[in-house]
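The chain contents come next:
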Amino acid sequence: MGSKSFSKRKLLRRVISSVTALFMLASPVFAAECTGRRLIQRGEVYRNALNVRIDGEEYGGEVFLLANTAYVSVREFSDYSGARSIEWDGETSTATVTADSLVLSVTADEYYIEANGRALWCENGSFVDGGRLYAPLRALSGAFGYACIYDGERDTVYLSREKAAIECGDSFYDADVLYWLSRIINAEAGAEPFFGKIAVGSVIMNRVRSGEFPNDTIGVIFDTENGVQFSPVSNGSIYEEPDRDSVIAAKLTLEGVNVAGDALYFLNVSLAESYWIVNNCSYVMTVGSHDFYS
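Residues numbered from 1 in each chain as written. Predicted model: local features only at pLDDT ≥ 70, side-chain atom pairs only at ≥ 80, totals over all residues. Heavy atoms only, no water.

Draft legend 1. Spotlight on the environment of Ile204. Summarising the element assignment, Ile204 is placed in helix 7 (residues 194-210). Since its relative accessible area comes to 0%, Ile204 is described here as buried. With 19 residues separating them along the chain, Ile204 and Ile185 place their C-alpha atoms 9.3 Å apart. Those residues within four positions of Ile204 in sequence are excluded, and the remaining contacts are Leu181, Ile184, Thr217, Val220, Ile221 and Phe230. (Helix = DSSP H or I, 4+ residues; strand = E, 2+ residues; numbered from the N terminus. Buried < 20%, exposed > 50% of the residue type's maximum accessible area, 1.4 Å probe, protein only. Contact = heavy atoms within 4.5 Å.)

Draft legend 2. Spotlight on the pattern of salt bridges. Scanning the entire structure with this criterion turns up seven salt bridges. Residues Arg183 and Glu241 are paired through a salt bridge, measuring 3.3 Å at the closest nitrogen-oxygen approach. Here Glu241 lies in the loop between helix 9 (231-235) and helix 10 (244-254) and Arg183 lies in helix 6 (residues 175-189), a separation of 58 residues in the sequence. Taking the relative accessible area as the measure of exposure, Arg183 reaches 7% and is therefore buried. In this structure Glu241 comes out as exposed when scored by relative accessible area, which is 63%. Through salt bridges with shared partners, a single network forms among Glu62, Glu76 and Arg132. (Salt bridge = Lys/Arg side-chain N within 4 Å of Asp/Glu carboxyl O.)

Draft legend 3. Inspection of helix 7 at higher detail. Counted at 1.5 Å a residue, the expected span for helix 7 with its 17 residues is 24 Å, and the 24 Å between its end C-alpha atoms agrees. In terms of burial, helix 7 is largely enclosed, as 15 of its 17 residues are buried. One or two residues past the end of helix 7 sits Gly211, with phi positive at roughly 90 degrees. (Expected span 1.5 Å × (residues − 1).)

Draft legend 4. Seen up close, the packing of aromatic side chains. Counted under the stated rule, the structure contains 20 aromatic pairs. Their ring planes at 80 degrees and their centres at 4.9 Å tell us that Tyr179 and Trp180 sit as a pair that is edge-to-face. Judged by its relative accessible area of 18%, Trp180 is buried. Each ring, one from Phe266 and one from Phe292, has its centre 5.7 Å from the other, and the planes form 40 degrees; the classification is tilted. With Phe266 in strand 15 (residues 265-267) and Phe292 in strand 17 (residues 290-293), this residue pair connects regions lying 26 residues apart in the sequence. A single burial state applies to Phe266 and to Phe292, both of which are buried. Each residue in the set Tyr59, Phe77, Tyr80, Phe144 and Tyr146 is aromatic and connected to the rest through ring pairs, giving one cluster. The lysine or arginine in question, Arg118, covers the ring of Phe172, its NZ or CZ lying 3.5 Å from the ring centre. One residue, Arg161, lies across the ring of Tyr146, its end atom 4.8 Å from the ring centre. (Phe/Tyr/Trp six-rings, centres within 6.5 Å; stacked < 30°, edge-to-face > 60°. Lys NZ or Arg CZ within 6 Å of the ring centre and 35° of its normal.)

The structure is reproduced here in structure tokens:
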């Protein structure tokens with residue numbers, strides 16, 4: 001019995017050791033789209049395998065690991081953090097949480113939560129199970145203004161309240177950058193899956209950082225040094241109103257989310273007029289109808 005217990009503990013430690021990345025803004029690697037519901041059906045769930053302490057006190061709510069992501073109940077965590085009201089919309093499976101300085105929205109099977117006009121990445125989604133809505137601890141705690149420190153030796157996450165809530169999107173995002181980034185995403189990937197929209201935004205930001213292109217977002221979008229870089233700029237479709245998913249994808253990109261690795265180019269091979277990218281660059285991945293290259 002002792003050896004079995006030891007083996008389980010070793011397995012848990014291997015799983016838990018990777019949770020550190022969940023409390024950092026590292027760029028996530030692209031993975032096939034899947035909902036939390038599918039994850040919970042096929043994945044190992046480690047309930048109460050992770051300790052959480054909030055401002056020095058042990059958190060009494062449920063905490064579990066799923067696909068290397070720490071999850072908590074939206075209602076339990078929000079109640080603990082001082083929510084004034086929590087409303088549930090059964091038609092959309094959305095919880096709207098209101099606190100003194102926070103309006104938070106969590107929808108099952110979405111890859112983000114919205115907090116004070118910002119979009120926070122949830123790589124494995126939020127989901128309903130057993131009548132409860134669960135969301136990733138990192139995103140949820142960030143919305144409520146907590147700082148996170150993970151102690152791997154003690155398998156413990158320490159949360160400390162630094163502010164009443166996350167900074168509002170109106171002050172966090174540059175309005176002009178968000179305006180044009182959401183429009184180029186919509187024009188290039190309006191018909192693409194959600195990950196495809198984020199991937200287009202990721203390419204834009206990769207170019208900003210690369211040193212081979214203009215060093216600002218708007219400059220990259222309207223770059224004409226070697227000819228117009230993005231066809232929506234020349235055909236005018238960039239001026240069309242973006243859909244909601246394109247705006248959310250732009251916000252996630254500006255939050256630091258990158259699902260395209262080091263890709264600097266993308267194209268739809270069936271529509272391409274030039275194959276310079278295919279012949280001169282390294283293939284990274286395909287999302288929807290777009291191939292991405294570095």
